[in-house]
Amino acid sequence: MKILHISDLHFPKKLSLFSLRGKAIVGYLNYRLRRKSKHPLVVISAMIEAISKLEYDALIISGDLTNVSHPREFENAKEILAPLLTDKTFLIPGNHDRYQKRAIGPNPLFEKTFGEWIGSSIDSKLYIRTKKIGDKLFVGWDSNFAIPKITANGYVAPEVLQKTLSTTKEPYVLVCHHPLWNPANEIESKAHRMTNREEVVDKLKVNPPLLYLHGHTHTNWVKLPGPRAPFSIVNSASSTRLSDKNHECGFHVIEIEDSIQYRRFIYSEDKFIETNPIFYEESEGVI
């Protein structure tokens, strides 16, 4: 099984300020003035082209397809991703896809736009989505919620954990937007992290996933299995961002056979090329 994992795409879309509400105005101005140049169209086009040429069995997208969860951003994201949206694709939302309350209910924009590729719900009251691709089960969580102020916290309810662990009876890959672990040089602020991730990691020991795939923090890494989290934690964010001195960006292809092998691709000189993955032992960071 070859899994191609991308995340934090932040596809650009010009919006009218009059179409925005609340914190979306501040978020959009921040995007236009600061972050737009870090996600140029040439990188997006190169990523789509590179993925189209790679062999893979499953394409996993772990959130943040939009910037402020505006309806036109969702339409734009679907159009850009159209060549890659197949029965091999599985998506979950990121915090930017839940940026505004109006994106969440009563007709959530993420589900409305990408419903064909988000798998099946195992509980109508909880966001736990599952999809079988090939011989692997993928389980998706939504760790995001619309927060009125400019923060990016995540949270996974105990009910989601309990239901997932009690109903998943085969090896599975868990997909969620927020990290469960960070390298020592990439510690998240209190306003950015999953607030109960220690509890999540401890509970997952009962029935650990083969892999935990996430994004949110815009630099790549692979945390190898350790005593606290006996599974690999893989960050492929941001797949459409230019790397700089603080961000090693790109995406991974993960092959699961008797062992797990990792390949990493980065944007360089107008195209994506293969380079060395960035590995960490669990002790080199924090849960």
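Figured I'd write up the structure that's included with this text.

Parameters and conventions
Residues numbered from 1 in each chain as written. Predicted model: local features only at pLDDT ≥ 70, side-chain atom pairs only at ≥ 80, totals over all residues. Heavy atoms only, no water. Pairing = 2+ DSSP bridges. Helix = DSSP H or I, 4+ residues; strand = E, 2+ residues; numbered from the N terminus. Buried < 20%, exposed > 50% of the residue type's maximum accessible area, 1.4 Å probe, protein only. Axes fitted to C-alpha atoms, helices over the stretch in contact; angles between N-to-C directions. Parallel < 35°, antiparallel > 145°, perpendicular 65-115°, else oblique. Left-handed = near helix turned anticlockwise from the far one by under 90°. Contact = heavy atoms within 4.5 Å. Nonpolar A, V, L, I, M, F, W, Y, C, P; charged D, E, K, R; others polar. 1 Å grid on protein atoms, 1.4 Å probe; cavity = no way out; pocket = protein on both sides within 12 Å on 5 of 7 lines; lining within 4 Å. Points joined across faces, edges and corners; volume = space filled by probe spheres on them.

**Some thoughts on the sheet that holds strand S5 (residues 128-133)**
Reading across the sheet, the eight strands line up as S4-S5-S6-S7-S9-S11-S10-S15 and stay open at both edges, with mixed pairing between neighbours. Because the sheet does not close on itself, it has two edges, and the strands there are strand S4 (120-121) and strand S15 (279-280). Of the pairings in the sheet, the one linking strand S9 (residues 211-214) to strand S11 (residues 232-235) comprises four bridges and is parallel in character. Across the sheet, the residue bridging to Leu 213 is Val 234, located in S11.

**Considering the pairing of S9**
Of the two faces of S9, both are covered, the one formed by Leu 211 and Leu 213 as well as the one formed by Tyr 212 and His 214. Of the strand pairs in this sheet, strand S7 (residues 172-175) and S9 are connected by three bridges, and their pairing is parallel. Bridge pairing in S9 links Val 173 to Leu 211.

**Observations regarding the packing of helix H5 (residues 158-167) against helix H6 (residues 197-204)**
The description of two helices packed together rests on the angle between their axes and the distance between the axes. With their axes 11 Å apart at the nearest point, H5 and H6 run at an angle of 15 degrees to one another. It follows from the interaxial angle that H5 and H6 lie roughly parallel. Considering the relative orientation of H5 and H6, their crossing is right-handed. Touching Pro 158, Leu 161 and Leu 165 of H5 are Glu 199, Val 200, Lys 203 and Leu 204, all from H6. Class assignment of the residues belonging to the contact of H5 with H6 gives a composition of five nonpolar, no polar and two charged.

**What to know about the layout of surface pockets**
One number sums up the size of the second largest pocket: a volume of about 300 Å³. What lines the second largest pocket is a set of 17 residues, among which Lys 125, Leu 126, Tyr 127, Asp 142 and Val 160 lie closest to the centre. Of the residues contributing to the lining of the second largest pocket, the split by class is eight nonpolar, four polar and five charged.

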